[in-house]
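A look at the structure
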Amino acid sequence: MKHSRIKDLLQQETIKESQVNIKGWVKTARHSKDFSFLDISDGSCFSDMQVVASQNLENYKTDISRLKTGCSVSVHGNLVESPGKEQKYEIQATQIDVLGWVDEDYPLQKKRHSFEFLRTIAHLRGRTNTLGAMLRVRNAAARAIHNFFQEKGFIYLHAPIITASDCEGAGQMFRVSVLDAKNPPLTENGNVDFSKDFFGKQAFLTVSGQLEGETAALALSNIYTFGPTFRAENSNTARHVAEFWMIEPEMAFCDLSGNMEMAESFLKYIAKSVWQSCPDDLQFFQKMINPDLFKNLENIIDQPFARVTYTEAIDILLKSQKTFEYPIAWGSDMQSEHERYLTEEVFKKPVIVTDYPKEIKAFYMYLNDDGKTVRGMDVLVPKTGEVIGGSQREDRIDVLRKRMEEMHLSQEAYWWYLDLRRYGSVPHSGFGMGFERFILFITGIQNIREAIPFPRVPGYAEF
RNA sequence: UCCCCGAUAGCUCAAUCGGUAGAGCGGAUGGCUGUUAACCAUUAGGUUAUAGGUUCAAGUCCUGUUCGGGGAGCCA
């Protein structure tokens, strides 16, 4: 007999087949003289399956009464309605086979552990309520993202992970090299000779697939990427990891307002979809981590996002009675405290800020007619801050060249990017969303190290 | 990288003014007829992160280092 997923058994309105087999791990075991209660988890859903085992089972004394947290078992028995209050169904076991015992030093207990401790056992932490729920939510979110774009006819583009251009412009990069670190080949003037390296030049891990995404959008109209990205920045915060996943749609024939509409419906769709597919997991996060979770989700799903230009936002901040640690003025980038004031106190919902001064944004953003601002947009959400950043791209070759000059960027290195503006250039826009940032937002988890299975941060790359 | 705070049993935490390192959970052993982080009893478990210093005496005071937390910068 093929074994059943606990999720499928518990979801039934009525019991269809009473003879069942489940396989999983003991979450808790409560033994008494003549029988035991075992809560079994197979990770398919938040809930465990309660198994009742009586002393009549032949291996009761030898095996079953010795089961404890972490043991793996296969249980055959009758699925029945449970007289207990905490679960709908339970299994009256007719046979329990122990698949794997646990050593005495099994670190997980049936009580709350600190996240800091769980990080030191990241290979086991998926068995806890919180991290298990996170992994299921992550999966549901990833599926929703693909569904959203696929339903709209977007093409999934696999942007390269290794890039030879050192100029993607989004931060410090990790070098990819096969040269002997102790004794690298040198050029005549004493520098490392990367022409002898694997790719014949310097290579790095990607920090963004956007530029490659633009090339595909100018061939296929609408594309998205969803892949790993890497930043070698020495940031030690609850919102940064060195390896994270990013979603970057790019749309031809699309201006900033189309971009905003897409970003907003994108966030609404994923939030709704995760809520529908993981209600128990989100319920748990609401109960244990963030009491405002459902309120925030309703906020994002039902309410239209607020939209303000950067100039208007600065105006609001200047006119507010609040005193900020960092004073704000037109032309300076908004600090965390300013973003939080806008999302949490002024609008109390997600806010899209647009049309930033060109000095504080990337070279590829479309220059407005005022000559001072660019068509960039940031989607800010309460607490988490920026989850999406995007822009209409500069599609006029002369303007783009001038901007690159101003920012001292090598036009030679970007030759293929500039080509897009020479051969059938079209207005196009796109945005990027950090996947783990979204997981933080939708679960209420506070540290990004708990939003990814195996976090990589400065000084730490275990497992 | 900067500022602030912290590190005591496997885990979560106590330890008064500088004066004998404790509890709960987990583990082991035993008990218990429907439990829900079950309950009851017994028991083992410590170089107080690390290296120095002050003192008759340091978990406690001082300095360096490592790691962690909160905030900031950079950003997603």
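Residues numbered from 1 in each chain as written. Chains lettered and ligands numbered in written order. Predicted model: local features only at pLDDT ≥ 70, side-chain atom pairs only at ≥ 80, totals over all residues. Heavy atoms only, no water.

1. Here's the deal with the overall build of chain A
The secondary structure content of chain A amounts to twelve helices and 16 strands. If one aligns the C-alpha atoms of chain A with their principal axes, the spans along those axes are about 85 × 60 × 45 Å. Evaluated residue by residue, chain A yields a buried proportion of 50% over its 463 residues. Considering only contacts within chain A whose residues lie at least 6 apart along the sequence, 67% involve residues at least 24 apart. Element-wise, carbon and sulfur atoms account for 50% of the exposed surface of chain A, whose accessible area totals about 23000 Å². The distance from the centre of the 54 positive side-chain charges to the centre of the 62 negative ones in chain A is 4 Å. (Helix = DSSP H or I, 4+ residues; strand = E, 2+ residues; numbered from the N terminus. Buried < 20%, exposed > 50% of the residue type's maximum accessible area, 1.4 Å probe, protein only. Contact = heavy atoms within 4.5 Å. Areas by Shrake-Rupley, 256 points an atom, 1.4 Å probe, with all protein chains shown as cover. Lys, Arg positive; Asp, Glu negative; His and termini not counted. Charge placed at Lys NZ, Arg CZ, Asp CG, Glu CD.)

2. Notes on the protein's contact with RNA strand B
In the region of RNA strand B, 46 residues are neighbours, and Q109, R119, T237, Q335 and R437 sit closest. Take the atoms of RNA strand B that sit within 4 Å of the protein: sugar and phosphate atoms are 52% of them. In this structure, Q50 approaches RNA strand B through a side-chain N or O atom, which is 2.8 Å from a base oxygen. Between N236 and RNA strand B, the recorded distance is 3.1 Å, taken from a backbone N or O atom to a base oxygen. At the level of secondary structure, the elements contributing two or more residues to the surface near RNA strand B comprise β1 (19–31), β2 (35–41), β5 (89–100), α2 (115–120), β11 (243–252) and β15 (385–392). Across the surface near RNA strand B, the residue classes break down as ten nonpolar, 20 polar and 16 charged. (Near = heavy atom within 4 Å. Polar contact = N/O pair within 3.5 Å; in protein donor to acceptor, adjacent residues only side chain to side chain. Nonpolar A, V, L, I, M, F, W, Y, C, P; charged D, E, K, R; others polar.)

3. Looking at the sheet that holds strand β7 (residues 162–163)
With antiparallel pairing, the three strands of this open sheet are ordered in space as β7-β9-β8. Two strands close off the open sheet at either side, each with one partner strand: β7 and β8 (175–176). Pairing of β8 with strand β9 (residues 203–205) involves two bridges; the strand directions are antiparallel. Counterpart to V176 in the pairing with β9 is A203. (Pairing = 2+ DSSP bridges.)

4. Some words on a nonpolar patch on the surface
There is a patch of nonpolar side chains on the surface, built from I161, I162, V178, F198 and F199 and spanning about 490 Å² of accessible area. Here I161 is to be found in the loop between β6 (155–156) and β7. (Patch = residues over 30% accessible without salt bridge, like charges linked within 9 Å, V, L, I, M, F, W, Y side chains within 5 Å. Salt bridge = Lys/Arg side-chain N within 4 Å of Asp/Glu carboxyl O.)

5. Regarding the side chain of R119
Locating R119 in the fold gives a position in helix α2. Assessed through its relative accessible area of 17%, R119 is described here as buried. Beyond its immediate chain neighbours, meaning those up to four positions away, R119 contacts R125, N447, R449, E450, Y460 and F463.

6. Let's talk about the confidence of the model for chain A
Summing up the model confidence of chain A, the mean pLDDT is 92 and the portion of residues at 70 or higher is 99%. By mean pLDDT, the top-scoring element of chain A is β6 (98), and the lowest-scoring one is helix α9 (residues 336–346) (88). In the model output, the complex is listed with pTM 0.93 alongside ipTM 0.91. (pLDDT = per-residue confidence, 0-100.)

7. Comments concerning the packing of aromatic side chains
In the structure shown here, the tally under the stated rule is 24 aromatic pairs. Their ring planes at 90 degrees and their centres at 5.6 Å tell us that F35 and F37 sit as a pair that is edge-to-face. Overall, the relative accessible area of 27% leaves F37 in the partly exposed class. Here the aromatic cluster, defined as three or more aromatic residues joined through ring pairs, consists of F148, F149, F154, Y156, Y224, F266, Y269 and F431. Between the NZ or CZ atom of R66 and the centre of the ring of W101, over which it lies, the distance is 4.6 Å. Taking the ring centre of Y417 as reference, the NZ or CZ of R421 above it sits at 4.1 Å. (Phe/Tyr/Trp six-rings, centres within 6.5 Å; stacked < 30°, edge-to-face > 60°. Lys NZ or Arg CZ within 6 Å of the ring centre and 35° of its normal.)

8. Focus: the sheet that holds strand β4 (residues 72–81)
Spatially, β1-β2-β3-β5-β4 is the arrangement adopted by the five strands of the closed barrel, whose pairing is mixed. Taken over all neighbouring pairs, the strand axes of this sheet differ in orientation by 50 degrees on average, direction set aside. Summarising the sheet, β2 and strand β3 (residues 49–54) pair through six bridges and their orientation is antiparallel. Paired with F37 across the two strands is V52, which belongs to β3. (Axes fitted to C-alpha atoms, helices over the stretch in contact; angles between N-to-C directions.)

9. A short note on the nonpolar core
Counting residues in hydrophobic clusters, the biggest one holds 87 residues, and the most contacted among them are I96, F266 and I388. In terms of residue count, helix α3 (residues 129–151) provides more of this core than any other element does, eleven residues in total. Not counting residues within four places of it along the chain, the set of residues in contact with I388 comprises A263, F266, L267, M377, D378, V379, F431, G432 and M433. (Core = buried A, V, L, I, M, F, W, Y, C linked by side-chain atoms within 4.5 Å.)

10. A word on α9
Every α-helix winds through 3.6 residues per turn, so residues three or four apart in the chain are directed the same way. For α9, every residue scored as buried is listed here: H338, E339, Y341, L342 and T343. Check the buried side of α9 and you find it contacts α8 (310–319), β13 (351–357), β14 (373–381) and β15.

11. Overview of the pattern of salt bridges
One pass over the full model with this rule turns up 21 salt bridges. Residue R393 is joined to E214 by a salt bridge in which the shortest nitrogen-to-oxygen separation is 3.8 Å. Placement of R393 in the loop between β15 and α10 (397–406) and of E214 in helix α4 (residues 210–220) is noted, with a sequence separation of 179 residues between them. Of the two residues examined, R393 and E214, each falls in the buried class. Ionic pairing is found between K358 and E406, a salt bridge with its closest N-O pair at 3.8 Å. Linking K358 in the loop between β13 and β14 with E406 in helix α10, this pair joins segments that are 48 residues apart in sequence. By relative accessible area, E406 is classed as partly exposed at 38%. Here the residues in one salt-bridge network are E214, E250, R393 and R421, joined through shared partners.

12. Examining the side chain of E436
Residue position: E436 is located in helix α12 (residues 435–443). Once residues within four sequence positions are removed from consideration, E436 is found in contact with R138, F244, W245, I448, A451 and I452.

13. Description of the pairing of strand β12 (residues 306–309)
For a regular strand, side chains alternate in direction, first toward one face of the sheet and then toward the other. Where burial is concerned, the two faces of β12 differ: the one with A306 and V308 is buried and the one with R307 and T309 is not. Where β12 and β13 come together, four bridges link them in parallel fashion. Within β13, the residue paired with A306 across the bridge is V351.

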